[in-house]
Every structure is written in structure tokens, then in C-alpha cells.
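Chain by chain, the residues run as shown.
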Amino acid sequence: MCWSATADLVAGAGIAAVGVVSVTLAARRPRDVPLAALPLLLGSHQIVEAAVWHHDGGTGPATVAWAVIALPLLALWVPAAVLCAAPPSARLRLLIPLAAGLATATALAHALATRTVTAEIRGHTVGYSLGLAQPELIVGGYLLATIGSLLLSGDRGLVLLGVLVAVGAAVSAALWRQEYISTWCASAAVCSVIVALWARGRRPPAPVAGPSGRGMREA
């Protein structure tokens, strides 16, 4: 993935298909659906990047759509989805990455509204530029929101996903500094296949007795 339009298209279609399966499996637990939809979102994101390749980068609608998903949307979606799916014991600490995600998403949305995002084909990768004023602070908040929420989730499968995505982030930063966000999103998309396995292993809420003694579903 990320090496050509065809690679992005094929990888994106495969990951999006896994996302459909993941959402179907998560239907038994509605609180899990936002997180189960992550492979679907990331697969679609790779398909959008295939359009960026097709137009040789630039500043067109495909580039803007890619940036909206990669930057403000994921920064807020991931911690919010993890919070929804997390056990009650983890929800208080997950407010930290959620707050980081909200602040980061706000800053990134403002940047996208006031600046022009550009994409440049660089060999077998795509580099995106937005001209952020404090990129280190934004990247730190972004990683806290996304990877941090997974690591703090209290769920073994999601912690594993967080570790793999963190490794992908480190490799992308080391090998493709200028193309970091593109290559990291691609690695996260592949790692998010784990979400389907996580959704498959989740059990529906146990019934609890209501006032009349009849079974009710746990919230």
C-alpha cells in the first residue's frame, strides 16, 4: 500500500470489506460499532488516496478529502470510539486522550479551513503539506488521542492494536519523515484488521434482571 494508485485501491477495498464484516459483528454490542467501523473508514481513506495518485497530487478535492479524514476526523473519532467501547473502569482515564483529540481536531480543522493542503508524489509515497504553525505539538496531541486511547483502553485486543500502530508510527517517522502521515495512516489501516478480530471475540451484553424479574439487556 501507499506505493501506487493501484496498491492503495486494492488495499483500501480489502480493508473496507473487512470493516463491513467488523461492523456486522459489532451489531450485537452497539457501543462497539464506532470502533468496529474504523477499518471501514481507513479502507475508504486508502481509496481516496488512490484518487490523489490519479490526479498527481495537487490541491484538489481528493487531497482535501484525504486530509479531512486523516487529520481532524481520526483525531476525534478514535478516542471517542474507544471511550464508547471501553469497560467502565477505563472510561475516566480515557477522557484525557479524548480531550487531546478534541483540541487537536479543532486546531487541524481550523488549519484546513484557513490554509491550502497540498499533496506531492514523491517516488513511491505521497507527501502532504499544510503549513502548521506548531507541528510538534499537533503531532503529540494527535498521537496521544489515537495511540494513547488504545493503550489506555483496558482491553487486551485494543492495547495490542495500539502497540502495532505505535510501531508503525515509529517506522514511518524513521523512514519517511516527509511522507509520515501518509505512510502511518496506511500502516494503521492494515493494523486495524485486528479490530475485526476484536469485534468477533466480543460477547453481547449479559442480561440483567429488571424490576419485574424479567431479563433486560445491560446498557
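Right, let's walk through the structure included here.

What counts and how
- Residues numbered from 1 in each chain as written.
- Predicted model: local features only at pLDDT ≥ 70, side-chain atom pairs only at ≥ 80, totals over all residues.
- Heavy atoms only, no water.
- Helix = DSSP H or I, 4+ residues; strand = E, 2+ residues; numbered from the N terminus.
- Buried < 20%, exposed > 50% of the residue type's maximum accessible area, 1.4 Å probe, protein only.
- Contact = heavy atoms within 4.5 Å.
- Areas by Shrake-Rupley, 256 points an atom, 1.4 Å probe, with all protein chains shown as cover.
- Core = buried A, V, L, I, M, F, W, Y, C linked by side-chain atoms within 4.5 Å.
- Phe/Tyr/Trp six-rings, centres within 6.5 Å; stacked < 30°, edge-to-face > 60°.
- Patch = residues over 30% accessible without salt bridge, like charges linked within 9 Å, V, L, I, M, F, W, Y side chains within 5 Å.
- Salt bridge = Lys/Arg side-chain N within 4 Å of Asp/Glu carboxyl O.
- Pairing = 2+ DSSP bridges.
- Axes fitted to C-alpha atoms, helices over the stretch in contact; angles between N-to-C directions.
- Parallel < 35°, antiparallel > 145°, perpendicular 65-115°, else oblique.
- Left-handed = near helix turned anticlockwise from the far one by under 90°.
- Nonpolar A, V, L, I, M, F, W, Y, C, P; charged D, E, K, R; others polar.

1. Some details on the overall build of the chain
When helices and strands are tallied, the chain shows nine helices and four strands. Going from the N terminus to the C terminus, the chain shows its helices and strands as α-α-α-α-α-β-β-α-α-α-α-β-β. Counting across all 219 residues of the chain, residues that qualify as buried make up 45%. Long-range pairs, those at least 24 residues apart, make up 69% of the contacts in the chain with a sequence separation of at least 6. Of the roughly 10,600 Å² of accessible surface on the chain, a fraction of 69% belongs to carbon and sulfur atoms.

2. Some points on the nonpolar core
Nonpolar side chains tend toward joint burial in soluble globular proteins. Formed by 49 residues in total, the largest nonpolar core has its most connected members in Leu-35, Val-52, Leu-74, Leu-161 and Trp-198. Per element, the largest residue contribution to this core is 13 residues, and it comes from helix α4 (residues 61-85). In contact with Leu-35, other than residues within four places in its own chain, are Ala-81, Val-82, Ala-85, Leu-158, Val-195 and Trp-198.

3. Considerations on the packing of aromatic side chains
The way to describe two aromatic rings as a pair is by their centre distance and the angle between their planes. Inspection of the entire model under this criterion finds one aromatic pair. Seen in terms of ring centroids, Trp-66 and Tyr-128 are 3.8 Å apart; in terms of plane orientation they differ by 0°. Their pairing is stacked. With Trp-66 in helix α4 and Tyr-128 in strand β2 (residues 125-129), the pair connects residues that are 62 residues apart, well separated along the chain. We classify Trp-66 as buried; its relative accessible area is 1%.

4. What to know about a nonpolar patch on the surface
Where nonpolar side chains cluster on the molecular surface, the patch consists of Leu-151, Val-163, Val-167 and Val-171 and spans about 300 Å² of accessible area. Examining the composition of the nonpolar patch, we find that three residues originate from one element, helix α7 (residues 156-175), more than from any other. Here Val-167 shows up in helix α7. For Val-167, a relative accessible area of 48% translates into the label partly exposed.

5. Examining the pairing of β2
Of all the five residues making up β2, four are buried; the element is thus mostly covered by neighbouring parts of the structure. Pairing of strand β1 (residues 118-122) with β2 involves five bridges; the strand directions are antiparallel. Across the sheet, the residue bridging to Thr-118 is Ser-129, located in β2. Turn length for the β1-β2 hairpin, with the two strands adjacent in sequence and antiparallel, is two residues, and the turn residue Gly-123 shows positive phi of about 70°.

6. Some words on the packing of helix α5 (residues 95-114) against helix α6 (residues 135-151)
It is at 8 Å that the axes of α5 and α6 come closest, and there the two elements cross at 140°. Here α5 lies oblique to α6, going by the angle between them. Between α5 and α6 the crossing geometry is left-handed. Packed against α5, whose contacting residues are Pro-97, Ala-100, Gly-101, Thr-104, Ala-107 and Leu-108, the element α6 presents Ile-138, Gly-141, Tyr-142, Leu-144, Ala-145, Gly-148 and Ser-149 at the interface. Among the residues making up the contact of α5 with α6, the classes are represented as eight nonpolar, five polar and no charged.

7. Some thoughts on unusual backbone geometry
With a phi close to 55°, Asp-56 is a non-glycine residue in the positive phi region. If you trace the backbone, Asp-56 turns up in the loop between α3 (38-54) and α4. Taking the relative accessible area as the measure of exposure, Asp-56 reaches 63% and is therefore exposed.

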